[in-house]
Amino acid sequence: MTRAYRFEVEHRCAQSGARAGHIHTARGVVPTPVFMPVGTQGAIKGGVLPRDLREMGASMILGNTYHLLLRPGPERIAAAGGLQEFTGWRGPMLTDSGGYQVFSLGDTAKITDDGVVFRSHLDGSKLRLDAEEAMRVQELFGADIMMAFDQCPPAGSERAFAERAMRRTTAWLDRCIAARRRRDEVALYGIVQGGIDAELRARHVDEICARDDCDGFAIGGLSVGEAADVTYEICAFTAARMPTDKARYLMGVGTPEDLIHCIGFGIDQFDCVLPSRNARHGNLYTHNGQLRLKNSRFRSDDRPIDPTCDCYACQTFSRSLLRHLWQAGEAVGPLAMTLHNLAYFQRLMREARAAILADRYTTWATETLARINAPLPD
């Protein structure tokens, strides 16, 4: 059987380490670099529909194993035909392993070399998640790309803790590889940990990336509380040691500034809840930087969110109206703002890709960073 997944690098920018490529899946081709909107529980928060995602140019979204495991459950999703049929998003989908969410439960989760025992935040029921279960669940979901089960140490962890998390992550990856059943249909990415210690990152990236059974590799454990310049330093250091012929995914990052910097280090895939989370708080991304609609100066501003944007929200609503709807608690306000923020991130990826193909990524990145960090014009 021909493998459904394939990654190819189309072009490497002559100015930087940035790459433009394609991820081939059974459900479509994903141009890279790509930003994946996060559909935590099978939908994007804020009321965004699959139709909206397609119209803004989204090509791949992310589903969260922890939340979907608890409700409605992998068997229910599998019976519906997989996540794509269940959710109405018929395009490519990546699922995380659920490990990060489980570990974030803190003392309510018991972590051993075997796996994690935890209690559901919904009803307190006792559950277990390990490498084998993470593979079984994600294969039932019908993901195009699934993530290996890993342990993400929190920011500021002691070296011994980070080393133990690395050892477990490597052992769990080997168990994930052994537990796979749908190898020709579903890709598997391994995850590199090591905190912000360059020596540990070097050691772990060499261990994880030695696994030829992985279809791609992710950098985990960044943007969990460390300073942005540290994130960039460790990301650049780690990406430079990763295979050049496989996709590189920076998990849970981040802001437009983060994406611009890290694409330059050779990262191909990103995800983050920031566009929808910020929209729910009235914070919007524009061609010239962020708008905070709670500011009183927008009360009588009848301009669109971003005059350079062609998304539905910018073509339909004014800043004044959206501020009013947000303050009034009307659902259409956060929905329109989420649509815009997600469309902004998709457009940013298209612009980045075009700059890579034109061998001017560093020039484009410098100009864009200067513009979005400049004071907003009145």
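The structure under discussion appears in the preceding block.
Residues numbered from 1 in each chain as written. Predicted model: local features only at pLDDT ≥ 70, side-chain atom pairs only at ≥ 80, totals over all residues. Heavy atoms only, no water.

Participant: Could you give an account of the overall build of the protein chain, with specific residues and numbers?
Facilitator: Looking only at helices and strands, the protein chain has 15 helices and 17 strands in total. Seen through its principal axes, the protein chain has C-alpha atoms that stretch 60 × 50 × 45 Å. Long-range contacts, defined as pairs at least 24 residues apart, comprise 67% of the intrachain contacts of the protein chain with a sequence gap of at least 6. Accessible area for the protein chain stands at about 15,500 Å²; split by element, carbon and sulfur atoms hold 50% of it. For the protein chain, the separation between the mean place of its 45 positive charges and that of its 46 negative charges on side chains is 3 Å. (Helix = DSSP H or I, 4+ residues; strand = E, 2+ residues; numbered from the N terminus. Contact = heavy atoms within 4.5 Å. Areas by Shrake-Rupley, 256 points an atom, 1.4 Å probe, with all protein chains shown as cover. Lys, Arg positive; Asp, Glu negative; His and termini not counted. Charge placed at Lys NZ, Arg CZ, Asp CG, Glu CD.)

Participant: So what's going on with helix H15 (residues 361-372)? Which residues, and what values?
Facilitator: Taking 1.5 Å of rise per residue, 12 residues should cover 16 Å, and H15 covers 16 Å from first to last C-alpha, within 8% of that figure. Those residues of H15 not exposed but buried are Tyr361, Trp364, Ala365, Thr368, Leu369 and Ile372. Axial view of H15: buried residues confined to an arc of 125°, hence all on one face. Among the exposed residues of H15, those oriented more than 90 degrees off its buried face are Thr366 and Ala370. Turning to H15, the residues buried within the fold contact helix H10 (256-263), strand E16 (283-286), strand E17 (289-292) and helix H14 (332-357). (Expected span 1.5 Å × (residues − 1). Buried < 20%, exposed > 50% of the residue type's maximum accessible area, 1.4 Å probe, protein only. Arc of directions from axis to C-beta.)

Participant: So what's going on with the packing of aromatic side chains? Residues and values would help.
Facilitator: This model, assessed by the stated rule, comprises nine aromatic pairs. When the centroid spacing of 5.2 Å and the interplanar angle of 80° are considered together, the rings of Tyr285 and Phe345 count as edge-to-face. Of this pair, Tyr285 sits in strand E16 while Phe345 sits in helix H14; the two residues are 60 residues apart in sequence, bridging distant segments of the chain. Measuring from centroid to centroid gives 5.9 Å for Tyr344 and Phe345, while their planes differ by 70°, and the two rings are edge-to-face. Here Tyr344 matches Phe345 in class, with each residue buried. One aromatic cluster in this structure is built from Phe35, Tyr285, Tyr344 and Phe345. (Phe/Tyr/Trp six-rings, centres within 6.5 Å; stacked < 30°, edge-to-face > 60°.)

Participant: Could you give an account of the packing of helix H7 (residues 159-179) against helix H8 (residues 198-208), naming the residues involved and the relevant values?
Facilitator: How two helices pack is summed up by the angle between their axes together with the distance between the axes. It is the contact of H7 with H8, at a shortest axis distance of 11 Å, that shows an interaxial angle of 5°. In terms of orientation, H7 lies roughly parallel with respect to H8. From H7, Arg159, Ala162, Glu163, Met166, Thr169, Thr170 and Leu173 reach across to H8, where they touch Glu199, Leu200, Arg203, His204, Glu207 and Ile208. Within the contact of H7 with H8, the residues separate by chemical class into five nonpolar, three polar and five charged. (Axes fitted to C-alpha atoms, helices over the stretch in contact; angles between N-to-C directions. Parallel < 35°, antiparallel > 145°, perpendicular 65-115°, else oblique. Nonpolar A, V, L, I, M, F, W, Y, C, P; charged D, E, K, R; others polar.)

Participant: I'd like a rundown of the nonpolar core, residues and numbers included.
Facilitator: In this structure, Leu53, Phe149, Leu250 and Tyr361 are the most contacted members of the largest nonpolar core, which totals 93 residues. Ranked by residue count, the leading element in this core is H14, at 12 residues. Ignoring sequence-local partners within four residues, the contact set of Tyr361 consists of Cys13, Gln15, Ser16, Ala18, Leu259, Ile260, Ile263, Gly264, Ala352, Ala355 and Ile356. Grouped together as the second largest cluster of nonpolar side chains are 19 residues, Phe7, Ala218, Ala247 and Tyr249 included. (Core = buried A, V, L, I, M, F, W, Y, C linked by side-chain atoms within 4.5 Å.)

Participant: Mind laying out the pattern of salt bridges, listing which residues take part and the relevant values?
Facilitator: Two side chains that carry opposite charge are able to pair once their charged atoms sit near each other. Following the criterion strictly, the structure yields 25 salt bridges and no others. Across the salt bridge formed by Arg3 and Asp215, the nearest N and O atoms sit 2.5 Å from each other. Within this pair, whereas Arg3 is found in the segment before strand E1 (6-12), its partner Asp215 is found in the loop between H8 and strand E13 (216-219), the two being separated by 212 residues in sequence. Residue Arg3 is classed as partly exposed on the basis of its relative accessible area, which comes to 32%. What makes Asp215 buried here is its relative accessible area of 10%. One salt bridge in this structure joins Arg180 and Asp215, with 3.5 Å as the shortest N-O distance. Of this pair, Arg180 sits in the loop between H7 and strand E12 (187-192) while Asp215 sits in the loop between H8 and E13; the two residues are 35 residues apart in sequence, bridging distant segments of the chain. (Salt bridge = Lys/Arg side-chain N within 4 Å of Asp/Glu carboxyl O.)

Participant: Now, about the sheet that holds strand E9 (residues 116-119): what can you tell me, with residues and values included?
Facilitator: Spatially, three strands are ordered E8-E9-E10 in an open sheet, and the strand pairing comes out antiparallel. The two strands at the open ends of the sheet, each matched to only one other strand, are strand E8 (110-111) and strand E10 (126-129). (Pairing = 2+ DSSP bridges.)

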